[in-house]
Amino acid sequence: MLRKLILLFPVLMFCLATQAQSTGTIKGTVMDSTGTKLDGVAVVQYDNAKNTVYTDKNGFFLLNIPAGKKITIVFSSLNVYPIKRAFEVKDGETLTFKVVMRVNSHSLDSAVIKAKRNNEPAPGELKIKSQQFIATPNESFESGLAAQALGVHQTNELSSSYSVRGGNFDENLVYVNDFEIYRPYLVRSAQQEGLSFINPDMVGSAKFSSGGFQAKYGDKMSSVLDVTYRMPDSLHGSFYASLLGFGGHIEGAVYDKGSLHLEDNQRFTYSIGVRQRLSQYILGSLDTKGEYNPNFLDVQGFFTFRLSEKWGMEALTNYTRNQFNFVPANRTTTFGLLTDVKSLQVYYDGQEGDQYESSTNGLSLVYKPNDNLRIKFLGSYTLDREKEAYDIIGEYFLSEVQSDLGASNFGQALYGLGTGGIQNWGRNTLNIDVYYGGVRGSWFKKGHNLQWGADYKREVVSDKISEWDRLDSAGYSLPYNFDVNYNNLDSNGNIVPYTKNEVDVNRVLKTTFALKSDRVSGFVQDAWKFGDSSKFNLIYGVRFEYWDVNKEPVITPRIQFSAKPKGKADIVITASTGLYYQPPFYREMRNDYTGVVNTSLKAQKSYHAVVGFNYSFKAWHRDFNFTAEAYYKYMWDLVPYTYSDVQIKYLGTNAAKGYAYGLDMRLNGELAKGAESWISMSLMHSAEILPGVYNTAYFDSAGNELPNSANYASKIADSTTTKTGYFPRPNDQLVTFNMFFQDYIPKFPFIKLHINLVFATGLPFGAPGAALYKDTYRMPFYRRVDMGFSGQLWDPSWAKRQKTKFNQGLKGVWLSLEVFNIFGITNTVSYLWIRDSYGDQYAVPNYLTSRRVNAKLIVNF
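What counts and what doesn't
- All residue numbers refer to position in the chain's written sequence, counted from 1.
- Under the rules for a predicted model, residues below a pLDDT of 70 receive no local features and side-chain atom pairs below 80 are neither given nor counted, while totals for whole chains, interfaces and linings still include all residues.
- The side-chain quantities take in all heavy atoms of the structure and omit both hydrogens and water.
- Secondary structure elements follow DSSP: runs of H or I no shorter than four residues count as helices, runs of E no shorter than two count as strands, and numbering proceeds from the N terminus.
- Three exposure classes are used, based on accessible area relative to the maximum for each residue type with a 1.4 Å probe and protein chains only: buried under 20%, partly exposed in between, and exposed over 50%.
- Residues are treated as being in contact if the distance between any of their heavy atoms lies within 4.5 Å.
- In this analysis, a patch consists of residues with relative accessible area above 30% that form no salt bridge, clustered at 9 Å for like charges and at 5 Å for the nonpolar side chains Val, Leu, Ile, Met, Phe, Trp and Tyr.
- Residue exposure ignores everything except the shown protein chains as possible cover, and the areas themselves are Shrake-Rupley values with a 1.4 Å probe.
- Each salt bridge in this description consists of a side-chain nitrogen of Lys or Arg and a carboxyl oxygen of Asp or Glu lying within 4 Å of one another.
- A pair of Phe, Tyr and Trp rings is counted when the ring centres sit within 6.5 Å of each other, with Trp represented by its six-membered ring. The angle between the planes then sorts it: under 30 degrees is stacked, over 60 is edge-to-face, the rest tilted.
- Note on geometry: a ring has a charge over it if NZ (lysine) or CZ (arginine) is within 6 Å of the ring centre and within 35 degrees of the ring normal.

Explain the overall build of the protein chain to me, and be specific about the residues and the numbers.
The helix and strand inventory of the protein chain stands at seven helices and 48 strands. Looking at the 861 residues of the protein chain, the share that counts as buried comes to 51%. Within the protein chain, residue pairs in contact and separated by at least 24 positions form 67% of the contacts whose partners lie at least 6 positions apart.

Account for a nonpolar patch on the surface, naming residues and giving values.
A cluster of nonpolar side chains, namely Tyr456, Val520, Val524, Val542, Phe544 and Ile555, defines an oily patch on the protein surface of about 470 Å² accessible area. Contributions of two or more residues to the nonpolar patch are made by strand S26 (507-530) and strand S27 (536-547).

Help me get a handle on unusual backbone geometry, residues and values and all.
We note that Asn177 has phi near 50 degrees; this positive angle belongs to a residue other than glycine. With respect to the secondary-structure elements, Asn177 resides in the loop between strand S11 (172-176) and strand S12 (179-180). One non-glycine residue, His621, lies in positive phi territory at about 65 degrees. Structurally, His621 can be placed in the loop between strand S30 (605-619) and strand S31 (622-638). When its relative accessible area of 81% is taken as the criterion, His621 is described as exposed.

Tell me what's going on with the environment of Gly541, and back it up with residues and numbers.
Structurally, the position occupied by Gly541 is in strand S27. As for Gly541 and Gln451, which are separated by 90 residues in sequence, their C-alpha atoms are 9.0 Å apart. Apart from residues no more than four positions distant in its own chain, Gly541 is found in contact with Ala215, Val524, Gln525, Thr556, Pro557 and Arg558.

How would you explain the packing of aromatic side chains if you had to name every residue and give the values?
Enumeration according to the criterion identifies 37 aromatic pairs in this entry. Ring centres of Phe617 and Phe624 lie 5.8 Å apart, and the angle between their planes is 15 degrees; this geometry places the pair in the stacked category. Relative accessible area serves as the criterion here: at 22%, Phe617 is assigned to the partly exposed category. Given a relative accessible area of 5%, Phe624 falls into the buried group. By the ring-pair criterion, three or more aromatic residues cluster together here, those being Tyr175, Phe213, Tyr217 and Tyr580. Geometry around Tyr581 places Lys605 over its ring, the cationic atom sitting 5.5 Å from the centre. The side chain of Arg852 reaches across the aromatic face of Tyr281, ending 5.0 Å from its centre.

Below is the structure:
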């Protein structure tokens, strides 16, 4: 018995020592820079890994640690950068604080899948890191949307604009840190467009919704892109340079003394980015040769200040200058069928000089009296100054080309079909000032997140348009119109005949207009999580807007719902519906064919119904995600429009109604470990009708339809008048297919291959001057494959020698070799219409870029 007590004595002493050890408690909430609570984050005592807890779904944790000495705590998770912090607590003391962790961009894909599993019917997260490796001539943030987001169509590699489910770019909302972003309006071709607002190097997170979005977002009919710039936690930066331009950014944070990576002690953060794009190299692959001199510059800054425990400040500033100077020389375009090939040669004189300057400055105050309430006051000023000046004359020669493969003169001109001249002249200016003030609020309570907001905008527009086009093609504009007037009398009452000679021009647009207006809007919505483990989510709300120009109140209720069915399968089903009205901005009000501005134009209106399915699963021990959405949109009070390259030409009246329906599907995952790939496909049809518009067709005695009754008045034998019916909308595309694939060499994982493939059926178009309902021709399919090879030249883990500030500060160096349009496919963006000597009209395609090779260096520190 005594022996057993002796053996038990050390155990009893250890238990007593443990019982007597003094401890304290640390607790708090872990979130990312956007305020999203992070669950599953490990909170570990550094010298005692057994003392570990994990944050719950609300980001909350509680950990007991020894008192009376400094204890290092590590916060870590797969999706965030780990951080350390030393604590010293007294016996029985409890410390409460918040921890802000920086999202690990290398693991964003996993975070996205996890967000889906959280069953929130919010806009889908975009994969920021993967976008860096998408090879495309347009290095904008938006260039990755077509591959990643559902229902996005982008068939012009030079432009950052995109179409969503049949709408045009003006129907898309873009936000950066709650500030709405505008873009230049006079841009008529993609090569003039330059840099988009969003700086990819500064983006922390981005969400995109293709329709059926929440009431807190504004009044547009198609989509919303919601970008949040990163709030850095330490000093970082990057630099890149390629044949298309260069840029870089730097970011950092200043903390109160003695603190590290904690929101309550993060006094100041900054992120500054500079980009310059020089696209002469890529524009040199176009059919039109000449002296291209584009220069696109963008400077941005995002700053945050902690004023006190409850008050914070954010500042966003931007300056963009896009200059495009062009002196064309000549152009040679071959077009037609395999057995009927024609060639157009044009020799130019003149030049074009355009400049688009814009600046956005926004300031917001954030008030957080407690964890459940957050109020944000916003104010901004946006300035837009646009100038266009061009006078270009072209003399063209149209000829028949030998198409017989066996002929000795194959590919050479056989004979001429006609000659003519083209002249484009313009002097256009547009000045826009937008003053904005608003408030946002959110309140969390027992499964509810109530949000509200109110906005005021003062819009000042000054527009002067003066442009005309002349065509001299086999009598098309010459000779002069000759008119003799015998009703003119002199002072004695005698008839004095006179003649009037003038040159016909194909199109004239001259208008001057100024507008000052006020716009108010607001919303309220609630996000309600209910059911076991919050398996059901309901977001319902309503928006209001009023514009003092058309004096039309707009009220649009919206609702979204998602549910996670019981079972082992990770499935989420979503549904959304609501009204999405789009009150006009100045551009929709102006008829781009007559110059008349319609101040009574009403809001374009649409109804959305969307049903979605999301399935997350594992294959090859890796995470994959499949998403599908079916949708239907009914639209009325539409403003009809046509396209000319990227320029949208409105008719300025609420003359149409229409619809769009389709199915979007997307599969993403790691086919190669650590390298995200995805594939997406969309089926879509969009059409509109002009109620009350009829079509009259004229026929000759043989029953042949006459193309233009005015020219064949003597031959008209019969006519019929019918309703026009539905016809395709300008962005109607039946099929679009996108694929992005990444892989690496197994023994050399620092070498990556990435392929971006795009296929889309042709867009509708029509002859100039023809009625809209006759725009039923189709462009050829858009087909493009871009390929890139990226090699990592440096990684800090490779350092074998003694670690220094340099080799540890340098986070990574990548060198990429990109081949754009690797198969050299000629894609059509628009048409130039000309006539031959017989009066026949031809649509000569304007092709996009051909094959180009680009080298790019990326340095991260």
